[in-house]
Amino acid sequence: MMPYKSKIMVLAAHPDDEVLGIGGTLIKFKEKYKCTINIEFLTTTPSCDRWRKAKKISEILGSSINRPDCVIDKDMAPLTLEKNLTKTIAEYITKRIDIIKPDFILTHYGNDLNNDHSKISEATLVACRPYLTSHNIKGVFQYEVPSSTEQNLQNIFNPDIFIEIDDLTWDKKVKLIDIYDKEIKDYPHPRSKKGIDTLACYRGVHVGYKRAEALKTMWRKI
Ligand SMILES: [Zn+2]
């Protein structure tokens, strides 16, 4: 799905979404497929503890990270994307696409219960319309985030791509999860370590892997 040495842009509302959702995938794409990874966090401030942790994680991952300079909303904070900001977010994403020139985009699931996630997903579709010739994106995919995606029981995430996460990669992901320690809850919370592992095992058994992370295709050009 992700060819060797491709440029991948990850759109995330909050620092922790990238690790909880696709931490293993990013490790694998970086180490095995030599991909370039850029992560855009759309609702965080420089003074935020989670932003500092995201920076630390990006150093471990070998990725670059970025956040808007108050472009989207001066009061930007988690759960504040409730206004009709789709156009503004899409314009920001477009600007970043012009700079990064990604081959593939990974974004939130459009029906995530967390409104920041679903807004970003909608804005991604607007910014990455497949007919646009201003970008050279080959595919857009959605990822799931435990405690947000599965909580919308009316619109279940139905993935069609499964990335195998081997034991070594899983151990590396767990170390990244440990950095976001304040976001991790006790089992049976979906964002507990056991909950996150259970999801990975569940996605794995869909396709005969011990563990997997799953994506849903929004669109793809071949
Ligand atoms: Zn989030």
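Please refer to the structure placed before this passage.
These remarks concern the structure in this document. Treat the numbers as computed from the prediction; the structure is a model and nothing was measured.

Turning our attention to the overall build of the chain. When helices and strands are counted, the chain shows six helices and seven strands. Listing every helix and strand of the chain by position from the N terminus yields β-α-β-α-β-α-β-α-β-β-α-α-β. A compact globule built from 222 residues should have a C-alpha radius of gyration of about 17 Å, and the chain, at 16 Å, falls within 12% of that. Overall size of the chain, expressed as C-alpha extent along the three principal axes, is 40 × 40 × 40 Å. Residues counted as buried form 42% of the 222 residues belonging to the chain. Residue pairs in contact within the chain that sit at least 24 positions apart in sequence constitute 76% of those at least 6 positions apart.

Each regular strand shows side chains that alternate between the opposite faces of the sheet. Within strand 1 (residues 7–12), five of the six residues are buried, leaving the element largely enclosed by the surrounding structure. The sheet contact formed by strand 1 and strand 2 (residues 36–41) spans six bridges and is parallel. Paired with Val10 across the strands is Ile39, a residue of strand 2. Each parallel crossover has a hand, and for strand 1 linked through helix 1 (residues 17–31) to strand 2 it is right-handed. Sheet topology note: the strand 1/strand 4 (residues 104–108) ladder contains three bridges and is parallel.

What follows deals with the sheet that holds strand 5 (residues 139–143). Here seven strands make up an open sheet; going across it, the order is 3-2-1-4-5-7-6 and the pairing mixed. Single-partner strands in this sheet number two, and they are strand 3 (64–66) and strand 6 (161–164). Neighbouring strand axes in the sheet, compared pairwise and without regard to direction, differ in orientation by 25 degrees on average. Inspection of the sheet shows strand 4 paired to strand 5 by five bridges, in the parallel sense. Each residue of the ladder has a partner; that of Leu106, found in strand 5, is Phe141. Helix 3 (residues 86–100) rests against strand 1, strand 2 and strand 3 of the sheet, and its axis sits at about 160 degrees to strand 1.

Another point: helix 6 (residues 193–206). Between its terminal C-alpha atoms helix 6 stretches 20 Å, which fits the 20 Å expected from 14 residues at 1.5 Å a residue. Those residues of helix 6 not exposed but buried are Gly195, Ile196, Leu199, Ala200 and Arg203. Across the axial projection of helix 6, the buried residues extend over an arc of 140 degrees, all falling on one side. As for helix 6, its buried residues are in contact with helix 1, strand 6, helix 5 (167–179) and strand 7 (212–220).

In this section: the environment of His189. Inspection of the secondary structure assignment puts His189 in the loop between helix 5 and helix 6. Taking the C-alpha atoms as reference points, His189 and Pro146, 43 residues apart in sequence, are found 9.1 Å from one another. What His189 contacts, discounting residues up to four positions off in sequence, is Ser147 and Gly195.

Residue placement: Thr217 occurs in strand 7. Exposure remark for Thr217: the 13 C-beta atoms within 10 Å place this residue in the partly exposed category. Residues Thr217 and Asp160 lie 57 residues apart in sequence; the distance between their C-alpha atoms is 6.7 Å. The residues touching Thr217, leaving out its near neighbours within four places in the chain, are Gly139, Phe141, Asp160 and Ile161.

For the bond from Tyr187 to Pro188, the omega torsion is 15 degrees, close enough to zero to count as cis. Relative to the helices and strands, Pro188 resides in the loop between helix 5 and helix 6. For Lys5, which is not glycine, the phi torsion reads 60 degrees and is therefore positive. With respect to the element layout, Lys5 can be found in the segment before strand 1. Exposure remark for Lys5: the 11 C-beta atoms within 10 Å place this residue in the exposed category. The backbone of Ser147 shows a phi angle near 85 degrees, a positive value even though the residue is not glycine.

About the thresholds
- Numbers given to residues run from 1 along each chain, matching the order in which its sequence is written.
- Per-residue local features of the predicted model are confined to residues with pLDDT of at least 70, and side-chain atom pairs are confined, for both listing and counting, to 80 or more; whole-chain, interface and lining totals are unaffected and use all residues.
- Each helix corresponds to a stretch of at least 4 residues labelled H or I by DSSP, and each strand to a stretch of at least 2 residues labelled E; elements are numbered beginning at the N terminus.
- Radius of gyration: C-alpha atoms only; globule rule: 2.2 Å multiplied by the number of residues to the exponent 0.38.
- To sort residues by burial, count the other C-beta atoms lying within 10 Å of each one's C-beta; a count of 20 or more means buried, 12 or fewer means exposed, and anything in between means partly exposed. C-beta atoms are built from the backbone.
- Contact between two residues is assigned whenever their backbone-derived C-beta positions fall within 7 Å.
- Strands were regarded as paired on the criterion that DSSP finds at least two bridges between them.
- Think of it like this: strands point away, you trace from the first strand over the helix to the second, and a clockwise trace means the crossover is right-handed.
- For helices, the fitted axis covers only the stretch in contact; all axes are lines through C-alpha atoms, and the angles between them, taken along N-to-C directions, range from 0 to 180 degrees.
- The span expected for a helix works out to 1.5 Å for each residue beyond the first.
- Working definition: the arc comes from the directions between the helix axis and the C-beta atoms, pointing outward to the latter.

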